[in-house]
Amino acid sequence: ISRERGISLIEVVVMIFVATVLLFSIAEVAKISFRTFSVKKIEYRAVLYLNEGIEALHAMRDESWTTKIAPLTASTTYYVVPTANSWITSLINPGMLDGLFARTLVLQDVYRDTADAIAASGAFDADTKKATITVSWMAPTGSRSLWVDTYITNYLKN
């Protein structure tokens, strides 16, 4: 009885098939990982612009509530725009941030109930505003946006 050792043609075909499937699987995982990383990187940049919008709102409040915050009309969409040494709001879209993102600010009037808690109706509080800052962009899957609601008060009485 002769026992020759070697690889049969069927074994070679099976090894090539397994190697091909394995390589294509690795390539697909790499492609999905790269796409996910790219999407998360854009979302991270959007969060940074959202935080910058909050800081800009605080800077405008600290600079002058009377001239920077109080004159803004409730429920109107504004754009937060940097200048040489401060922040301003504008009704005119200044263009996209980094060619991709749009950032807006909408203020709402605040009312307080008899317990001085924020309520849907009651006494108007001229020293408090509800602010919604939104950052939006176009993604391959369509329009995306992140937003944050916060309250801002005239605690400096300026």
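Residues numbered from 1 in each chain as written. Predicted model: local features only at pLDDT ≥ 70, side-chain atom pairs only at ≥ 80, totals over all residues. Heavy atoms only, no water.

### A look at the overall build of the protein chain
So, point 1. Helix and strand counts for the protein chain come out as two helices and six strands.
So, point 2. The order of α-helices and β-strands along the protein chain, N terminus first, is α-α-β-β-β-β-β-β.
So, point 3. On C-alpha atoms alone, the protein chain measures out to a radius of gyration of 28 Å, which is more than a quarter above the 15 Å that the 2.2 N^0.38 rule sets for 158 residues.
So, point 4. Overall, the C-alpha framework of the protein chain stretches about 105 × 40 × 25 Å when taken along its three principal axes.
So, point 5. Within the protein chain, the fraction of its 158 residues that count as buried is 27%.
So, point 6. Relative to all contacts within the protein chain whose residues are 6 or more apart in sequence, the contacts with residues 24 or more apart total 54%.
So, point 7. When the accessible surface of the protein chain is totalled, it reaches about 10,700 Å², and 62% of it is carbon and sulfur.
So, point 8. Looking at charge distribution, the protein chain has the averaged site of its 15 positive side-chain charges lying 7 Å from that of its 15 negative ones. (Helix = DSSP H or I, 4+ residues; strand = E, 2+ residues; numbered from the N terminus. Rg over C-alpha atoms; globule rule 2.2 N^0.38 Å. Buried < 20%, exposed > 50% of the residue type's maximum accessible area, 1.4 Å probe, protein only. Contact = heavy atoms within 4.5 Å. Areas by Shrake-Rupley, 256 points an atom, 1.4 Å probe, with all protein chains shown as cover. Lys, Arg positive; Asp, Glu negative; His and termini not counted. Charge placed at Lys NZ, Arg CZ, Asp CG, Glu CD.)

### Regarding the pattern of salt bridges
Pairing between side chains of opposite charge can happen when their charged atoms approach one another.
So, point 1. Tallied over the entire structure, the rule returns 11 salt bridges.
So, point 2. The partner of Lys31 in a salt bridge is Glu28, with the nearest N and O atoms 3.7 Å apart. Highlighted residues: Lys31 and Glu28, both in helix α1 (residues 9–63), separated by three residues, approximately one helical turn.
So, point 3. A relative accessible area of 43% means that Lys31 is categorised as partly exposed.
So, point 4. For Glu28, a relative accessible area of 37% puts it in the partly exposed group.
So, point 5. Asp125 is the salt-bridge partner of Arg112, the closest N and O atoms lying 2.6 Å from each other. Of this pair, Arg112 sits in strand β3 (residues 102–112) while Asp125 sits in strand β5 (residues 123–139), and the two are 13 residues apart along the sequence.
So, point 6. One connected set of salt bridges, linked through shared partners, spans Lys40, Glu43 and Arg144. (Salt bridge = Lys/Arg side-chain N within 4 Å of Asp/Glu carboxyl O.)

### A few points about the pairing of β5
So, point 1. Relative to β5, β3 is paired through 11 bridges, and the arrangement is antiparallel. Of the residues in β5, the one forming a bridge with Leu107 is Ala131.
So, point 2. With 12 bridges joining them, β5 and strand β6 (residues 142–153) adopt antiparallel strand pairing. Residue pairing in the sheet places Ser136 in a bridge with Ser145 of β6.
So, point 3. Connecting β5 to the antiparallel partner β6 that follows it, the hairpin turn spans two residues. (Pairing = 2+ DSSP bridges.)

### Let's talk about α1
So, point 1. The terminal C-alpha atoms of α1, which comprises 55 residues, lie 81 Å apart, in line with the 81 Å expected from a rise of 1.5 Å per residue.
So, point 2. Of all the positions in α1, only Glu43, Ala46, Tyr49, Leu50, Gly53, Ile54, Ala56, Leu57, Met60 and Arg61 are classed as buried.
So, point 3. Where α1 is buried, its residues contact α2 (65–69), β1 (77–82), β2 (87–90), β3, β5 and β6. (Expected span 1.5 Å × (residues − 1).)

### Re empty space enclosed by the protein
So, point 1. In this structure the tally under the stated criterion is one cavity of 30 Å³ or more.
So, point 2. What the largest cavity holds in volume is close to 60 Å³.
So, point 3. Taken together, Tyr79, Val80, Asn93, Pro94, Gly95, Leu97, Ala102 and Arg103 make up the lining of the largest cavity.
So, point 4. Those elements giving two or more residues to the lining of the largest cavity turn out to be β1 and β3.
So, point 5. Of the residues assigned to the lining of the largest cavity, the class counts are five nonpolar, two polar and one charged. (1 Å grid on protein atoms, 1.4 Å probe; cavity = no way out; pocket = protein on both sides within 12 Å on 5 of 7 lines; lining within 4 Å. Points joined across faces, edges and corners; volume = space filled by probe spheres on them. Nonpolar A, V, L, I, M, F, W, Y, C, P; charged D, E, K, R; others polar.)

### What about the confidence of the model for the protein chain?
So, point 1. Residue-level pLDDT values for the protein chain average 92, and 96% of them are 70 or greater.
So, point 2. Mean pLDDT values for the elements of the protein chain range from 91 in α1 up to 97 in β3. (pLDDT = per-residue confidence, 0-100.)

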